[in-house]
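# Coordinate inspection notes
So the chains spell out like this:
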Amino acid sequence: MPDQHSAIQQARDRLARAGAITVLTGAGISADSGVPTFRGADGLWRNFRAEDLATPEAFQRDPNLVWAWYNWRRELIATKRPNPAHYAVAELERRRDCFWLVTQNVDGLHQAAGSRKLSELHGNIWKVRCTVCEKVTENREVPIPIPPTCLACGGLLRPHIVWFGETLNATDLDHGMKAAASCEVMVIIGTSGIVYPAASLAPLARAAGAFVIEINREPTPLGGIADLSFQGRASEVVPVLLDFDDRPSE
Ligand code: OAD
């Protein structure tokens, strides 16, 4: 790896020259906004059992318990704001015709920062889906009255989130895979890189010839395929890397 200064310059040059850029984000980009990650020291999966709260079986067994947990998360996320990393990613989208953001986050902070070209691979905590008619609607009630019911058909509503054991939305995944396979540079921010299929997008991009840049507080398995890895906080590192001059250096 080059020293930090030349690594930053190299990343900026690659980004400045790239026609097509894809960004992949995980919980780490929202950590600096105060949203808990899943696997860190205070991560959600350290303190809660996913099988009790984030599976279709758990919801079938006790929908009120699952909704109480999502209400707690909605209350927490409702107080959070995007950080400089979210804003830098949104600005990058504005500067590029060929840009796509693939996020595993459900918190909506990318949209709050202005991102519009994105796939939310794991859903969105501010959307609900009817378990009967499957209608998806935005719902920002905090807390949502439990148990929430569908205005269209009266069926029980569930969070519009991909739970363990469920398949991802085919359109979102397809879009994410195409964006990975066709980009010239992929920027990966704040994901542990162990949850599939999201984790497969980086190797897919690399195999298709993309230059891969990773930003994370800690080393991850994705570091092995990254051309450049930056260890640090997303809110500090991402704005520095994405603050490049669009005119490529000679
Ligand atoms: P994880 O909690 O697994 O990983 C968060 C990553 O962010 C770790 O690699 C941390 O080192 C890194 N990190 C933490 N703070 C950071 C900071 N300030 N700056 C940069 N990096 C930081 O979260 P994900 O990889 O997003 O799925 O997890 C993937 C999926 O697993 C989630 O979408 C969720 C979970 O089960 C569903 O809810 C469906």
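Criteria and cut-off values
Residues numbered from 1 in each chain as written. Predicted model: local features only at pLDDT ≥ 70, side-chain atom pairs only at ≥ 80, totals over all residues. Heavy atoms only, no water. Salt bridge = Lys/Arg side-chain N within 4 Å of Asp/Glu carboxyl O. Near = heavy atom within 4 Å. Polar contact = N/O pair within 3.5 Å; in protein donor to acceptor, adjacent residues only side chain to side chain. Areas by Shrake-Rupley, 256 points an atom, 1.4 Å probe, with all protein chains shown as cover. 1 Å grid on protein atoms, 1.4 Å probe; cavity = no way out; pocket = protein on both sides within 12 Å on 5 of 7 lines; lining within 4 Å. Sits in = over half its atoms within 2 Å of the grid points. Nonpolar A, V, L, I, M, F, W, Y, C, P; charged D, E, K, R; others polar. Pairing = 2+ DSSP bridges. Helix = DSSP H or I, 4+ residues; strand = E, 2+ residues; numbered from the N terminus. Axes fitted to C-alpha atoms, helices over the stretch in contact; angles between N-to-C directions. Contact = heavy atoms within 4.5 Å. Expected span 1.5 Å × (residues − 1). Buried < 20%, exposed > 50% of the residue type's maximum accessible area, 1.4 Å probe, protein only. Arc of directions from axis to C-beta. Points joined across faces, edges and corners; volume = space filled by probe spheres on them.

### Focus: the pattern of salt bridges
One pass over the structure, following the stated rule, counts eight salt bridges. Between Arg158 and Glu166 there is a salt bridge, and its shortest N-O distance comes to 2.8 Å. Residues joined in a network through salt bridges with shared partners are Arg49, Glu51 and Asp52.

### Here's the deal with the site of the ligand
The full set close to the ligand counts 23 residues, and Phe38, Arg39, Thr191, Ser192 and Asn216 are the nearest of them. One of the backbone N or O atoms of Gly190 is found 3.3 Å from an oxygen atom in the ligand. Protein contacts shield 92% of the accessible area of the ligand, which totals 800 Å² for the unbound molecule. Judged by its atoms lying within 2 Å of the grid points, the ligand is housed in the largest pocket. Split into classes, the residues belonging to the shell around the ligand amount to eight nonpolar, ten polar and five charged.

### Brief notes about the sheet that holds strand S6 (residues 157-161)
What the three strands build is an open sheet, ordered S5-S4-S6; its pairing is antiparallel. In the strand order of this sheet, the two ends are held by strand S5 (136-138) and S6, each with one partner. When the angles between neighbouring strand axes are averaged without regard to direction, this sheet yields 45°. Here three bridges tie strand S4 (residues 123-130) to S5, and the two strands are oriented antiparallel to one another. When the sheet's bridge partners are listed, Arg129 is paired in S5 with Val136. Running at roughly 140° to S4, helix H6 (residues 63-78) makes contact with S4 and S6 of the sheet.

### Describing helix H9 (residues 170-182)
With 13 residues, H9 ought to run about 18 Å at 1.5 Å a step, and its terminal C-alpha atoms sit 18 Å apart, in line with that. Those residues of H9 that fall on the buried side of the exposure criterion are Leu173, Gly176, Ala179 and Ala180. With its buried residues spanning 130° around the axis, H9 presents them on a single face. Along H9, exposed side chains directed more than 90 degrees from the buried face belong to Ala170, Thr171, Lys178 and Ser182. On its buried face, H9 is in contact with strand S1 (20-25), strand S2 (98-103), strand S3 (118-120), strand S7 (185-189) and helix H10 (201-207). A distance of 3.0 Å separates the backbone nitrogen of Thr171 from a side-chain oxygen at the start of H9, and that oxygen is part of Asn169.

### Considerations on the layout of surface pockets
The space that makes up the largest pocket amounts to roughly 1,000 Å³. Taken together, 48 residues line the largest pocket, and the ones lying closest to its centre are Ala27, Thr37, Phe38, Arg39 and Ser192. Secondary structure elements with two or more residues in the lining of the largest pocket: helix H2 (28-31), H6 and strand S8 (211-216). For the lining of the largest pocket, the element with the most residues is H6, which contributes three residues. Considered class by class, the residues forming the lining of the largest pocket number 24 nonpolar, 16 polar and eight charged. Looking at the second largest pocket, its volume works out to about 280 Å³. Around the second largest pocket, the lining is made up of 19 residues, and of these Glu120, Gly123, His160, Asn169 and Asp172 lie nearest the centre. When residues of the lining of the second largest pocket are traced back to their parent elements, those giving at least two are S3, S4 and S6. Counting residues per element, the lining of the second largest pocket draws most heavily on S4, at four residues.

No statement about biological role is implied by the geometric values presented.
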